[in-house]
Amino acid sequence: MEKWALITGASSGFGVDYANIIAQEGLILFLTARRLKCLESLIEDQKIRHLGRVHCISSDLSLQNSAKDLYLKTKELGVIF
C-alpha cells in the first residue's frame with residue numbers, strides 16, 4: 001500500500017518545506033492551500049522532481065464546508081491516511 005501525506009498551507013513557508021521533505025521519503029503528496037497560483041507553482045516543481053506523485057486542491061480551510069470538501073476530494077482519489 002502506498003503512503004500519502006496531506007499538507008495544508010502548502011503554498012509557502014513550512015508547507016513548502018514539509019512537501020519537499022515528505023516527497024523525498026517517497027510518499028504521494030496531497031497539497032492544499034488558499035493561494036492557487038502559489039500552489040500551482042509548487043505543484044509543477046514537485047511533479048518535476050517527484051514524477052507526478054502530487055495532487056492538489058485550492059481551499060480555504062477557515063470557510064464552512066471546506067474541510068468536508070477536502071475530505072470528499074481525498075476519498076474520491078482513494079487516499080488512505
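Each value, and the rule that gives it
- Residues numbered from 1 in each chain as written.
- Predicted model: local features only at pLDDT ≥ 70, side-chain atom pairs only at ≥ 80, totals over all residues.
- Heavy atoms only, no water.
- Helix = DSSP H or I, 4+ residues; strand = E, 2+ residues; numbered from the N terminus.
- Pairing = 2+ DSSP bridges.
- Axes fitted to C-alpha atoms, helices over the stretch in contact; angles between N-to-C directions.
- Contact = heavy atoms within 4.5 Å.
- Salt bridge = Lys/Arg side-chain N within 4 Å of Asp/Glu carboxyl O.

Chemist: In this structure, what is going on with the environment of Cys38? I would like to understand it.
Modeler: Secondary-structure assignment places Cys38 in helix α2 (residues 36-50). Separated by 28 residues in the primary sequence, Cys38 and Ala10 have C-alpha atoms spaced 8.7 Å apart.

Chemist: What's the story with the sheet that holds strand β3 (residues 54-58) in this structure? I'm lost.
Modeler: Hydrogen bonding along the main chain pairs the strands of a sheet, whether they run parallel or antiparallel. Ordered in space as β1-β2-β3, the 3 strands form an open sheet in which the pairing is parallel. Looking at which strands have only one partner, the edges of the open sheet turn out to be β1 (4-8) and β3. Within the sheet, the average angular offset between the axes of one strand and its neighbour, ignoring direction, is 15°. Relative to strand β2 (residues 28-33), β1 runs parallel, the two being bridged by 5 bridges. Residue pairing for β2: Ala5 is matched across the bridge by Leu29. Most of the contacts of helix α1 (residues 13-24) go to β1, to which it runs at about 170°, and overall it touches β1 and β2. Each of β1, β2 and β3 touches helix α3 (residues 66-76); the most contacted strand, β2, lies at about 155° to it.

Chemist: Explanation requested: the pattern of salt bridges in the structure shown.
Modeler: Pairing is possible between side chains that carry opposite charge, provided their charged atoms lie close to one another. Enumeration over the complete set of coordinates arrives at 1 salt bridge. A salt bridge links Lys73 to Glu76, with the shortest nitrogen-to-oxygen separation between them at 3.7 Å. One end of the pair, Lys73, and the other, Glu76, are both in helix α3, 3 residues apart, so they sit about a helical turn from each other.

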